[in-house]
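Letter by letter, the chains look like this.
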Amino acid sequence: MQTKPEAALFVTCLADLMRPEVGFASASLIEAAGFDVVVPRGQSCCGQPNYNSGDRRAARSMARRTIELLEPYEYVVVPSGSCAAMIKVHYPLLFDEADALFGKAQALAGKTEELTVFLERHGYTPDAAPAAVRVAYHDSCSGLRELGIRHQPRALLKRSPSLELLELAEPEVCCGFGGTFCVKYPDISGRMAENKTADIAATGAGIVAMGDVGCLLNIEGKLRREGRDIRACHVAELLAGMLERPDGR
Amino acid sequence: MEVESGAFVEKARAALDDATLQHALKHIKHGFVEARANAAARLPDFEAMRDRARDVKAHTIAHLADYLEQFEANVTARGGKVHWARDAREARAIIHGICRAAGARTVTKSKSMVTEEIELNPYLEEHSIEPIETDLGEYIIQLRGEKPSHIIAPVIHLSKDQVADTFHEHHGRHGFHTRLTERSGMVREARSILRQRFVKADVGITGANFLVAETGSAVVVTNEGNADLTASLPDTHIVVTGIEKLVPTLDDCHLMLRLLPRSATGQDITAYVSFFTGPKRTDDLSGPSSFHVVLLDNGRSDMMGTEFEEMLRCIRCGACLNHCPVYSNIGGHAYGSVYPGPMGAVLTPSLAGIDKAGHLPNASSFCGRCEAVCPVRIPLPKLMRHWREREFERHLSPSGTRWGLRAWSMIAASPRLYRSMQWTASRFLRLIASNGWIRRLPLAGAGWTGERDMHAPAGNSFQHQWRKRGGRR
Ligand code: SF4
């Protein structure tokens with residue numbers, strides 16, 4: 001019997017702490033794509049909050065930790081456009097070219113993939129087709145602009161025959177999460193979220209799916225505060241048929 | 001350069017609550033964002049042109065001293081004069097000197113952000129010289145005693161009604177007593193007043209969108225033709241601009257001229273593109289008899305060789321403002337700086353000092369749309385991040401933020417701390433949640449729950465549950 005290749009799931013701290021369902025959904029999709037899932041022990045934050053707040057030193061040490069943790073694996077999958085971009089685009093920029101970690105950062109950057117990119121590249125086809133739903137897709141800024149993720153999640157969603165994919169009027173506009181931005185500038189962030197939920201509602205979708213837990217918590221929280229009857233989920237949860245939750249959301 | 005970024009948060013709040021402003025800002029989407037997208041789509045070569053433009057500007061900045069010398073030599077050879085101003089004070093003094101020599105009482109001005117940067121108008125007024133803004137937008141804010149809120153559309157923050165009020169209030173003394181509300185009538189009224197001012201002006205001051213080293217030309221684009229009248233009717237023409245506006249050749253300039261209006265307003269070309277090269281020649285029918293170019297440094301050369309050098313490529317198209325979700329929701333005045341939005345967030349600290357710029361490089365979600373549309377591909381988020389790093393190094397960032405970041409990096413580095421933090425936080429969240437949802441959080445979390453709910457995680461962390469289920473680790 002042939003052994004399956006092994007893929008490391010870097011679940012991201014937001015999913016780990018705030019939305020464990022995204023971890024399980026991702027794991028089941030990666031398995032369905034023909035891989036054995038490993039969740040490397042001791043993983044935490046990729047360092048983005050520190051990096052984007054100007055704390056480069058801490059960001060570097062957090063990057064070093066993540067690089068060493070993920071070094072042994074051939075495939076690294078991240079269910080977040082912004083954390084994947086942190087690893088793929090920004091980690092190599094944190095180290096001097098003379099530093100041994102620069103090469104390691106580049107190696108990690110080369111083998112790390114955002115979840116939908118990974119699934120699409122490995123020809124994953126959803127088997128648990130979700131119930132007939134109208135779904136709007138929200139692009140996360142980092143995934144879209146730093147990694148060029150646009151068609152992959154859409155292609156995956158469109159493969160579910162019962163699913164109708166709807167486009168936002170302004171898919172390129174930020175939802176207002178922005179990491180620490182949303183708590184540092186709550187008024188502006190809140191208005192951006194409001195614009196986004198209005199755009200989502202205008203599509204007539206019952207579900208809005210996206211690839212980043214940051215956007216998800218933001219959009220979900222805004223929809224709920226506004227009393228809108230639209231569910232927000234990670235695209236992995238939708239594909240893995242994991243939307244039914246005990247709390248009935 | 002005056003910067004008042006301290007009240008950013010309060011001004012932004014007020015801007016979000018200002019219904020008139022919010023209505024006016026809606027114009028950005030159709031007027032600029034969609035127009036740019038259409039213009040870019042019409043030109044298959046657009047992306048390749050952006051690469052070329054980036055390279056041309058980067059090359060020019062790398063050899064700036066040589067090109068500046070060549071520019072000065074060509075201006076001089078055509079009978080003009082170049083003046084070098086290290087800072088705003090020197091620039092104002094030079095301009096004042098030229099105006100005094102010309103016996104100037106009134107000065108017409110076409111739109112120029114550099115004259116805003118050096119606060120020229122109040123200075124001229126103090127010296128009994130009346131500056132008259134001739135760009136319609138600039139004219140309106142001059143009447144209202146305001147500052148521009150956008151680098152190419154200075155009155156983007158105003159409604160037509162507000163302009164009608166302003167004209168009604170100020171045009172009575174020119175014999176116009178009816179309050180006009182229809183666009184073309186209002187424009188006609190302003191034009192007829194400005195025409196008289198054009199003819200009487202002693203000196204004309206323009207900015208420059210580009211300076212061409214090989215010809216010594218100053219290039220100005222307008223849609224109103226006011227720069228031509230400003231430059232040609234008075235006997236003295238002063239061009240005031242920054243040293244970074246240089247391009248080596250006319251070909252390079254044409255490349256820039258194809259990108260600038262498309263990026264700014266979505267136009268293929270502006271209604272007027274004027275090349276001003278030296279004073280009137282003997283066989284010219286009209287034009288100024290003296291031609292001056294005041295080249296302002298004001299912190300620009302200090303950016304060279306630093307991580308901020310890339311900002312010197314900026315051609316002031318305003319696309320980064322138009323596509324910024326922060327700018328397009330709060331407008332330009334909240335920034336409290338001559339240069340607002342993403343380009344201002346990078347440029348203002350360079351020109352005025354990071355200690356004065358506080359919020360500017362921080363008030364961004366780093367969505368990256370500015371960089372995605374910048375015609376000369378300036379990595380604006382990266383440069384804002386560099387400013388945040390400078391602030392962090394110099395302990396200028398708030399101590400609460402610094403403490404939080406340090407704590408987070410320590411927690412993230414230690415699996416044991418991370419687990420116990422998760423355990424405590426999730427129990428706390430569940431404790432204060434009702435039906436799984438939290439409506440109000442304390443401390444930094446208040447920023448979150450002020451605007452949205454938060455879902456309390458239902459169980460333990462993913463890693464904990466994965467281990468319990470016997471998943472591979
Ligand atoms: S930074 Fe780029 S997009 Fe912004 S004004 Fe300058 S050239 Fe235009």
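Novice: Is there a simple way to think about the overall build of chain A in this case?
Specialist: The number of helices and strands found in chain A is 13 helices and eight strands. For 249 residues, the compact-globule formula gives about 18 Å, and the C-alpha radius of gyration of chain A, at 18 Å, lands near that figure. Taking the principal axes of its C-alpha atoms as reference, chain A extends roughly 55 × 55 × 30 Å. When burial is assessed residue by residue, chain A has 63% of its 249 residues classed as buried. A separation of at least 24 residues holds for 76% of the contacts in chain A among residues at least 6 apart in sequence. Roughly 8900 Å² of accessible area belongs to chain A as shown, and the carbon and sulfur atoms make up 50% of that amount. Positive and negative charge centroids in chain A, built from 28 and 32 side chains respectively, lie 3 Å apart.

Novice: Whenever I open this one, the side chain of Glu117(B) confuses me. Can you help?
Specialist: As for its position among the elements, Glu117(B) is in helix α7 (residues 113–117). At a separation of 2.6 Å, a polar atom in the side chain of Glu117(B) contacts the side chain of Tyr339(B).

Novice: I'm lost on the pattern of salt bridges in this one. Help?
Specialist: Oppositely charged side chains are able to pair whenever their charged atoms sit close together. Taken as a whole, this structure holds 43 salt bridges over all chains when the rule is applied. Arg472(B) is paired through a salt bridge with Asp36(A); the nearest N and O atoms lie 3.5 Å apart. Taken together, the positions of Arg472(B) in the segment after α24 (462–468) and Asp36(A) in strand β2 (residues 36–38) put the pair across two chains. The class of Asp36(A) is partly exposed, set by a relative accessible area of 28%. Within the structure, one salt-bridge network assembled from shared partners comprises Glu47(B), Arg50(B), Asp51(B), Arg54(B), Asp55(B) and Arg377(B).

Novice: I tried to follow the interface of chain B and chain A on my own but got confused; where do I start?
Specialist: Note: interface size is frequently given as the accessible area lost on complex formation between the parts. Contacts between the two partners involve 59 residues from chain B and, on the opposite side, 63 residues from chain A. Surface buried jointly by chain B and chain A totals about 5800 Å² across both partners, of which 58% is contributed by carbon and sulfur atoms. On the surface where chain B and chain A come into contact, there are seven salt bridges. Arg13(B) is the salt-bridge partner of Asp187(A), the closest N and O atoms lying 3.0 Å from each other. Joining chain B to chain A, the criterion identifies 28 residue pairs in polar contact (both at pLDDT 80 or more). For the side of chain B that touches chain A, the element with the most residues is helix α21 (residues 399–413) of chain B, which contributes six residues.

Novice: Can you walk me through the environment of Pro279(B) in this structure?
Specialist: Residues and elements named next belong to chain B. Along the chain, the position of Pro-279 falls in the loop between β9 (272–276) and β10 (290–296). Relative accessible area serves as the criterion here: at 12%, Pro-279 is assigned to the buried category. Each C-alpha atom, one on Pro-279 and one on Asp-297, is 24 Å from the other, the two residues being 18 residues apart in sequence. Apart from the residues within four sequence positions on either side, Pro-279 is in contact with Arg-78, Gly-79, Gly-80, Pro-288, Ser-289, Ser-290 and Phe-291.

Novice: How should I be thinking about the sheet that holds β9(B) in this particular structure?
Specialist: Two pairing modes exist for strands in a sheet, parallel and antiparallel, and in both the strands are linked by backbone hydrogen bonds. All names here are of chain B. Strand order in the open sheet made by the four strands is β8-β5-β6-β9, with mixed pairing throughout. The sheet terminates laterally at β8 (246–247) and β9, the two strands that pair on one side only. Looking at chain direction, strand β5 (residues 210–212) and β8 are connected through two bridges and run parallel. Within β8, the residue paired with Val-212 across the bridge is Val-247.

Novice: Would you mind showing me how to read the sheet that holds strand β3 (residues 130–133) of chain B here?
Specialist: Residue and element names in this part refer to chain B. Reading across the sheet, the six strands line up as β1-β10-β7-β4-β2-β3 and stay open at both edges, with parallel pairing between neighbours. Of all the strands in the sheet, just β1 (81–85) and β3 have a single pairing partner and so form its edges. Pairwise comparison of adjacent strand axes, ignoring direction, gives a mean angle of 25° for this sheet. Bridge count between strand β4 (residues 203–206) and strand β7 (residues 236–242): four bridges; the pairing is parallel.

Novice: Explanation requested: the packing of aromatic side chains in the structure shown.
Specialist: For any pair of aromatic rings, the description consists of the separation of the ring centres together with the inter-plane angle of the planes. The full count for this structure, using the stated rule, is 13 aromatic pairs over all chains. Measuring from centroid to centroid gives 5.8 Å for Phe181(A) and Tyr185(A), while their planes differ by 35°, and the two rings are tilted. Assessed through its relative accessible area of 5%, Tyr185(A) is described here as buried. Between Phe308(B) and Trp387(B), the ring centres sit 4.0 Å apart and the planes meet at 10°, which makes this aromatic pair stacked. Note that Phe308(B) is positioned in the loop between α14 (300–303) and α15 (319–322) and Trp387(B) in helix α20 (residues 380–393), a separation of 79 residues in sequence. Take Phe308(B): its relative accessible area is 2%, and that puts it in the buried class. Through a chain of ring-to-ring contacts, the aromatic side chains of Phe181(A), Tyr185(A), Phe8(B), Tyr327(B) and Tyr335(B) assemble into a single cluster. Over the ring of Tyr339(B) we find Arg316(B), and its NZ or CZ is 5.1 Å from the ring centre. The cationic tip of Arg402(B) hangs over the ring face of Phe392(B); the distance from NZ or CZ to the ring centre is 4.2 Å.

Novice: What am I meant to see in the packing of helix α4 (residues 46–62) of chain B against helix α13 (residues 250–264) of chain B here?
Specialist: A packed helix pair is summarised by two numbers, namely the angle formed by the two axes and the spacing between the axes. Residue and element names in this part refer to chain B. Put simply, α4 and α13 touch, their axes get as near as 10 Å, and they point 125° apart. By the angle between their axes, α4 is oblique relative to α13. Crossing of α4 against α13: the hand is left-handed. Every residue of α13 that contacts α4 at Phe-46, Met-49, Arg-50, Arg-52, Ala-53, Val-56 and Lys-57 is listed here: Asp-252, Leu-255, Met-256, Arg-258, Leu-259, Arg-262 and Ser-263. Grouping the constituent residues of the contact of α4 with α13 by class yields seven nonpolar, one polar and six charged.

Novice: Explain the pairing of strand β8 (residues 231–234) of chain A to me, please; I cannot follow it from the model alone.
Specialist: Two faces make up the sheet, and in a regular strand the side chains alternate between them. Residues and elements named next belong to chain A. Pairing of strand β7 (residues 207–210) with β8, which is carried by four bridges, proceeds in the parallel orientation. From the neighbouring strand, Ala-209 faces β8, where its bridge partner is Cys-233. Crossover handedness for the path β7 to helix α12 (residues 213–225) to β8: right-handed.

Novice: Mind showing me how you'd approach the site of the ligand here?
Specialist: Taken together, 14 residues surround the ligand, and among them Cys314(B), Cys317(B), Gly318(B), Cys320(B) and Cys374(B) come closest. Of the residues that constitute the shell around the ligand, the class distribution is 12 nonpolar, one polar and one charged.

Novice: Could you clarify how one ought to interpret the nonpolar core in this entry?
Specialist: Within soluble globular proteins, side chains that are nonpolar generally end up buried alongside one another. Counting 96 residues, the largest nonpolar core has Ile188(A), Met311(B) and Ile330(B) as its most contacted members. The residues contacting Met311(B), other than those within four sequence positions of it, are Met303(B), Met343(B), Val346(B), Leu347(B), Ile378(B), Leu380(B) and Leu383(B). Core analysis: the second largest hydrophobic core is formed by 71 residues, Val39(A), Leu115(A), Leu217(A) and Leu441(B) among them.

Novice: How should I be thinking about α21(B) in this particular structure?
Specialist: Residues separated by three or four positions in an α-helix point in the same direction, a consequence of the helix having 3.6 residues per turn. Counted at 1.5 Å a residue, the expected span for α21(B) with its 15 residues is 21 Å, and the 21 Å between its end C-alpha atoms agrees. Against α1 (13–18), α3 (48–52) and α4 (56–70) of chain A together with α20 and α22 (415–432) of chain B lie the buried residues of α21(B).

Novice: For this particular structure, what's the right way to read the pairing of β10(B)?
Specialist: Residue and element names in this part refer to chain B. The buried fraction of β10 is high, at six of seven residues. Examined bridge by bridge, β1 and β10 share five bridges and lie parallel to one another. Pairing of His-83 across the sheet is with Val-294, part of β10. Pairing of β7 with β10 involves seven bridges; the strand directions are parallel. Paired with Val-239 across the bridge in β10 is Val-293.

Novice: Please explain the confidence of the model for chain B as it appears in this structure.
Specialist: Where the model shows low pLDDT, its predicted coordinates should not be examined in detail. Confidence along chain B averages 96 in pLDDT terms, with 100% of residues attaining 70 or more. For this predicted complex, the interface confidence reaches an ipTM of 0.95, while the overall pTM sits at 0.96.

Each value, and the rule that gives it
Residues numbered from 1 in each chain as written. Chains lettered and ligands numbered in written order. Predicted model: local features only at pLDDT ≥ 70, side-chain atom pairs only at ≥ 80, totals over all residues. Heavy atoms only, no water. Helix = DSSP H or I, 4+ residues; strand = E, 2+ residues; numbered from the N terminus. Rg over C-alpha atoms; globule rule 2.2 N^0.38 Å. Buried < 20%, exposed > 50% of the residue type's maximum accessible area, 1.4 Å probe, protein only. Contact = heavy atoms within 4.5 Å. Areas by Shrake-Rupley, 256 points an atom, 1.4 Å probe, with all protein chains shown as cover. Lys, Arg positive; Asp, Glu negative; His and termini not counted. Charge placed at Lys NZ, Arg CZ, Asp CG, Glu CD. Polar contact = N/O pair within 3.5 Å; in protein donor to acceptor, adjacent residues only side chain to side chain. Salt bridge = Lys/Arg side-chain N within 4 Å of Asp/Glu carboxyl O. Buried area = accessible area lost by both parts, 1.4 Å probe. Pairing = 2+ DSSP bridges. Axes fitted to C-alpha atoms, helices over the stretch in contact; angles between N-to-C directions. Phe/Tyr/Trp six-rings, centres within 6.5 Å; stacked < 30°, edge-to-face > 60°. Lys NZ or Arg CZ within 6 Å of the ring centre and 35° of its normal. Parallel < 35°, antiparallel > 145°, perpendicular 65-115°, else oblique. Left-handed = near helix turned anticlockwise from the far one by under 90°. Nonpolar A, V, L, I, M, F, W, Y, C, P; charged D, E, K, R; others polar. Right-handed = clockwise from strand over helix to strand, strands pointing away. Near = heavy atom within 4 Å. Core = buried A, V, L, I, M, F, W, Y, C linked by side-chain atoms within 4.5 Å. Expected span 1.5 Å × (residues − 1). pLDDT = per-residue confidence, 0-100.

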